[in-house]
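# Working through the structure, step by step
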Amino acid sequence: MKLVTLASLAALLGVAAFAQNATKPSASSGKTLDMYYMDMEGGHSTLYMLPSGQSILIDTGSPGERDHDRIMAVLKEAGVKEIDYLVSTHYHSDHIGGVEALVKAIPVKHFIDHGTSIEMDRPVVATFQKLYEELTANKRTIVKPGDKIPVTGTDVLVVTSHSKVLKTPLPGAGKANPFCAGFEPRDESRIDPDNPNSVGLLFTYGKFRTINLGDFTWNVEKDLMCPNNPIGTVDLYLTSHHGIDQSGSATLVHALHPRVAIMHNGQRKGGVPQTMNTLFSSPGLEDIWQLHWAFAGGTEYNAPGRFIANVEEPAAMAAAINPPPQPADAPPPAAGGRGRGGFGRGGGHNGPAFLIKVSARADGSFTVTNTRNQFSKTYAAK
Ligand SMILES: [Zn+2]
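Residue numbers here run from 1 along each chain, matching the order of that chain's written sequence. Local features are withheld for residues below a pLDDT of 70 in this predicted model, meaning they are given only at 70 or higher, and side-chain atom pairs are given and counted only at 80 or more; totals for whole chains, interfaces and linings count all residues.

Once that is clear, we can look at the overall build of the protein. A tally of regular secondary structure across the protein gives 11 helices and 16 strands. Going through the 382 residues of the protein one by one, you find that 49% of them count as buried. Our contact criterion uses C-beta atoms placed from the backbone: two residues qualify when those atoms are within 7 Å. Sequence separation of at least 24 residues holds for 74% of the intrachain contacts in the protein that already meet a minimum separation of 6. Here a helix means four or more residues in a row that DSSP labels H or I, a strand means two or more in a row labelled E, and each is numbered from the N terminus. Residues with at least 20 other C-beta atoms within 10 Å of their own are called buried, those with 12 or fewer are called exposed, and the rest are partly exposed. The C-beta atoms themselves are positioned from the backbone.

On to the sheet that holds strand β7 (residues 155-161), then. One open sheet holds the 7 strands; their spatial order is β8-β7-β9-β10-β11-β12-β13, and the pairing between them is mixed. This sheet does not close on itself; its edge strands, each paired only once, are β8 (164-165) and β13 (287-290). We treat two strands as partners when DSSP finds at least two bridges between them. Bridge analysis of β7 against strand β9 (residues 200-205) gives 5 bridges, and the strand direction is antiparallel. Bridging across to β9, L157 finds its partner in L202.

Only buried residues count toward a nonpolar core: Ala, Val, Leu, Ile, Met, Phe, Trp, Tyr and Cys, linked into one set through C-beta atoms within 7 Å. Core analysis: the biggest nonpolar cluster contains 86 residues, and I56, V159, L201, I262 and I356 have the highest contact counts within it. Not counting the four nearest positions on each side in its chain, V159 is found in contact with P145, V165, L166, G200, L201, L202, L224 and I231.

Among the secondary structure elements, V199 is positioned in the loop between β8 and β9. What makes V199 buried here is the crowd of 28 C-beta atoms within 10 Å. Counting along the chain gives 40 residues from V199 to V159, while the straight-line C-alpha distance between them is 7.5 Å. Among residues more than four places away in sequence, those in contact with V199 are V87, T89, I112, D113, H114, V143, V158, T160, S161 and G214.

Each α-helix winds once per 3.6 residues, and so residues spaced three or four apart point in a common direction. The element helix α7 (residues 218-225) is extensively covered by neighbouring structure, given that 6 of its 8 residues are classed as buried. All of the buried residues in α7 are W218, V220, E221, K222, L224 and M225. Packing partners of the buried residues in α7 comprise β7, β8 and α8 (250-256).

Bringing the sheet that holds strand β1 (residues 32-37) into the picture now. Strands sit in the order β6-β5-β4-β3-β2-β1-β14-β15-β16 across an open sheet of 9 strands; the sheet is mixed. The open sheet terminates on both sides in strands that have one partner only, identified here as β6 (140-142) and β16 (375-379). Neighbour-to-neighbour, the strand axes of the sheet open up by a mean angle of 15°, direction not taken into account. As judged from the 4 bridges shared by β1 and strand β2 (residues 46-49), these two strands associate in the antiparallel manner. Its bridge partner lying in β2, D34 is registered against M49. Only C-alpha atoms enter the line fits that serve as axes; for helices the fit covers just the stretch in contact. Angles between N-to-C directions range over 0 to 180 degrees.

Turning our eyes to something else, we now look at the confidence of the model for the protein. Of all residues in the protein, 82% attain a pLDDT of 70 or more, and the chain-wide mean is 88. What pLDDT conveys is the predictor's confidence in a given residue, as a value from 0 to 100. With pLDDT under 50 throughout, residues 1-28 is counted as low confidence; its partners more than four residues away or in other chains account for 37 contacts. Note that residues 330-346 has pLDDT below 50 and, in this model, 36 contacts with residues that lie over four places away or in other chains.

Next up on the list: helix α9 (residues 273-280). Listing the buried residues of α9 in full gives T275, M276, T278 and L279. The arc enclosing the buried residues of α9, seen along the axis, measures out at 155°, which places them on a common side. Packed against the buried residues of α9 are α8, β12 (260-263), β13 and α10 (298-301). Picture the helix axis, draw a direction to every C-beta atom, and the arc is the one those directions span.

Turning our attention to the pairing of strand β3 (residues 55-58). Because side chains alternate across β3, one face comprises the buried residues S55 and L57, and the other comprises I56 and I58, equally buried. Bridge count for β2 against β3 is 4 bridges, and the pairing is antiparallel. Along β3, the bridge assignment pairs L47 with L57. Two successive antiparallel strands, β2 and β3, enclose a turn made up of 5 residues, where G53 displays a positive phi of approximately 95°. Across 3 bridges, β3 lies against strand β4 (residues 83-87) in parallel orientation. Bridge assignment links L57 to a residue of β4, and that residue is L86. With strands facing away from the observer, any crossover in which the path from the first strand over the helix to the second runs clockwise is taken as right-handed. Traced from β3 through helix α3 (residues 65-77) to β4, the parallel crossover comes out right-handed.

What follows is about the environment of H264. Summarising the element assignment, H264 is placed in the loop between β12 and α9. Separated by 28 residues in sequence, H264 and H292 place their C-alpha atoms 7.4 Å apart. In contact with H264, not counting residues within four places along its chain, are Y37, M40, H44, L238, H242 and L291.

This part is about the pairing of β12. On a regular strand, each side chain points to the face opposite its neighbour's, so the side chains alternate between the two faces of the sheet. Side-chain alternation along β12 places V260 and I262 on one buried face and A261 and M263 on a second face that is also buried. Handedness of the crossover joining strand β11 (residues 236-238) and β12 through α8: right-handed. Across 4 bridges, β12 lies against β13 in parallel orientation. Residue I262 lies in a different strand from β13, and its bridge partner there is W289. You can see the chain leave β12, run along α9 and come back into β13, and the turn it takes is right-handed.

Shown next as structure tokens:
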């Protein structure tokens, strides 16, 4: 925040200015809000192409060529020549890893974040924070709940930032949340403390609503959703925190009442039975789409294959489900490479990667497509 001038802060942070620009789209415009959920191998990057032609990229995956190349390919496919807003939910390497490479590759007009990391005692974080402030000088906005990203035709509302949450209910929302009663707090003392600081955004395009809360964690979900639900319901929920069970309580998910969940899990990150069970039991949930087949879930807790964008070779899956007996003198499995220890701790593969694409219309209907097999499903307006 140090490098942001007072004048630019006033210009960029003014809530009034943020609030004025969002206008209601015409339901007959025929335009779509297009979302590209990229495979970051258990990290995160999602591109939102607004009907106005403006672009919002949330997060940039892990460092290195793999995720950068995938992001650039999607930007090219979507016809993005410059990014209007780059939102960094928080400062973990599976979310901000590609910022520097991205800025070198394509113009970014504005940067959005939650403020300085609270992990500055970690040398790698302090080093990145200094670089980030240089990269974003005079183009950076630190947001708080209730702020809006000033785009045209789509309402993009900040609902969480720096562990603060939206308290003023949205029109039609604010009723008591019945799923608060069963909430059980977690010991989060061992969770990386920048996760609950995640910038969370609610997108509203006509009747369509979708939410992306970054790695917002379990206990602060209660702060957001209890005792009253200030958000109401959404059509599409991006599973918080990659589908790890440190996030995604029923208090949040069941109250949001999504029709569809997309999980940006890795092979070995997220997709755990508890998270999947919360989704399976979520009232009104029609389908779960996954960026990866999750080893943690096995056959019982993964979505049907046609809803999964990246499926590792069947032999590997079979081995995971039913490991072959090891000879007594077998060497231990090699560290690194596939599985634990890769970027973002999600494992990963460097070959072709497929994404999940969503096109939403102002009448509330939306179509989800798995680009691996072109399986596509339209959820009709209600
Ligand atoms: Zn993460």
